[in-house]
Structures are given as C-alpha cells and as structure tokens.
Amino acid sequence: MEDYRRQGGIQQLLVAEQEARQIVNSARTAKMNRLKQAKDEAEEEVAKYRAQMEKEFQKTISESTGFSGVNVKRLDEETVTKIDHLKKQAAKVSPEVIKMLMSHVTTVKY
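Figured I'd write up the structure that's included with this text. Values in this document were obtained by computation on a predicted structure and should not be read as measured data.

Thoughts on the overall build of the protein chain
And step 1. A tally of helices and strands in the protein chain yields 1 helix and 0 strands.
And step 2. Whereas a compact globule of 110 residues would reach a radius of gyration of roughly 13 Å, the protein chain reaches 46 Å, over 25% beyond that.
And step 3. In the protein chain, buried positions account for 0% of the 110 residues.
And step 4. Positive and negative side-chain charges of the protein chain, numbering 20 and 17 respectively, have mean locations separated by a distance of 9 Å.

Structure follows, in structure tokens:
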C-alpha cells in the first residue's frame, strides 16, 4: 500500500511539473507576444516621427530656398547698379584718359 502511495505521490509530482511547464511556456509565449507588439508599436512610432521630421526639414529647406531667391535678386540688382555707376565714372574720365594717352604716344623724346 505504501508503494501505491509513493507511486501516487510521484504521479502527482509529474502532473504538477507538467502543469508548471505549461504555465511557464504560456507565460513565455505571452511575454514574446508582448515584446513583439511593443517592437511593432515602437517601429510605427519611429516611422511617424521620421516622417514628421522629414516634413519639417523639407519645409525649412523650401523656406530658406525662397529666402535665398530674394537675396539673389537683391544682389543682382545691386550688381547692376554698381556696374552702371562704374560705366558712368569711366565715361566721365574717358576723354581725359584718351587725351593723356594721345599726348604720351605723340610726344617724341630724344
């Protein structure tokens, strides 16, 4: 009878061990599922953040490009104004320069 009790006790221990294994496996599976879900959610959040940052970057680029277009136009206008000013000054001095050159070229020194 004692042998029967021992076998019954051993059988109960084996059943308990198997139940514990199932509980551990189901807990492990649930943990893996939660980790996978957390990873998927994190990847989705990163993608949204990346898209938002890219959008802001493109907006900044387009704003700065537009601003530089204004600068280029302003610089072109300033350049044209300066060139016109230099041409007017050259036109004023040109007759004097021509006269001086002609006098030096036509003067013969011994």
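Quick look at a negative patch on the surface
And step 1. A grouping of D40, E41, E43 and E45 is seen on the molecular surface, where their side chains present a negatively charged patch.
And step 2. Mapping E43 onto the fold places it in helix α1 (residues 2-106).
And step 3. When its relative accessible area of 46% is taken as the criterion, E43 is described as partly exposed.

Details of the pattern of salt bridges
And step 1. Enumeration over the complete set of coordinates arrives at 3 salt bridges.
And step 2. Here K48 makes a salt bridge to E44, at a shortest N to O gap of 3.6 Å. Residue K48 and its partner E44 are located together in helix α1, separated by 4 residues, close to a single helical turn.
And step 3. Judged by its relative accessible area of 55%, K48 falls in the exposed class.
And step 4. For E44, a relative accessible area of 47% corresponds to the partly exposed category.

Regarding a nonpolar patch on the surface
And step 1. There is a patch of nonpolar side chains on the surface, built from V93, V97, M100 and L101 and spanning about 330 Å² of accessible area.
And step 2. Take V97: it is sitting in helix α1.

Quick look at the environment of S26
And step 1. Of note, S26 is situated in helix α1.
And step 2. Within the local environment of S26, its side chain forms a polar contact with the backbone oxygen of I23, the two atoms lying 2.9 Å apart.

Description of the environment of E17
And step 1. Among the secondary structure elements, E17 is positioned in helix α1.
And step 2. Spatially, the C-alpha atoms of E17 and M32 are 22 Å apart, while their sequence positions differ by 15 residues.

The rules behind these values
Residues numbered from 1 in each chain as written. Predicted model: local features only at pLDDT ≥ 70, side-chain atom pairs only at ≥ 80, totals over all residues. Heavy atoms only, no water. Helix = DSSP H or I, 4+ residues; strand = E, 2+ residues; numbered from the N terminus. Rg over C-alpha atoms; globule rule 2.2 N^0.38 Å. Buried < 20%, exposed > 50% of the residue type's maximum accessible area, 1.4 Å probe, protein only. Lys, Arg positive; Asp, Glu negative; His and termini not counted. Charge placed at Lys NZ, Arg CZ, Asp CG, Glu CD. Patch = residues over 30% accessible without salt bridge, like charges linked within 9 Å, V, L, I, M, F, W, Y side chains within 5 Å. Areas by Shrake-Rupley, 256 points an atom, 1.4 Å probe, with all protein chains shown as cover. Salt bridge = Lys/Arg side-chain N within 4 Å of Asp/Glu carboxyl O. Polar contact = N/O pair within 3.5 Å; in protein donor to acceptor, adjacent residues only side chain to side chain.

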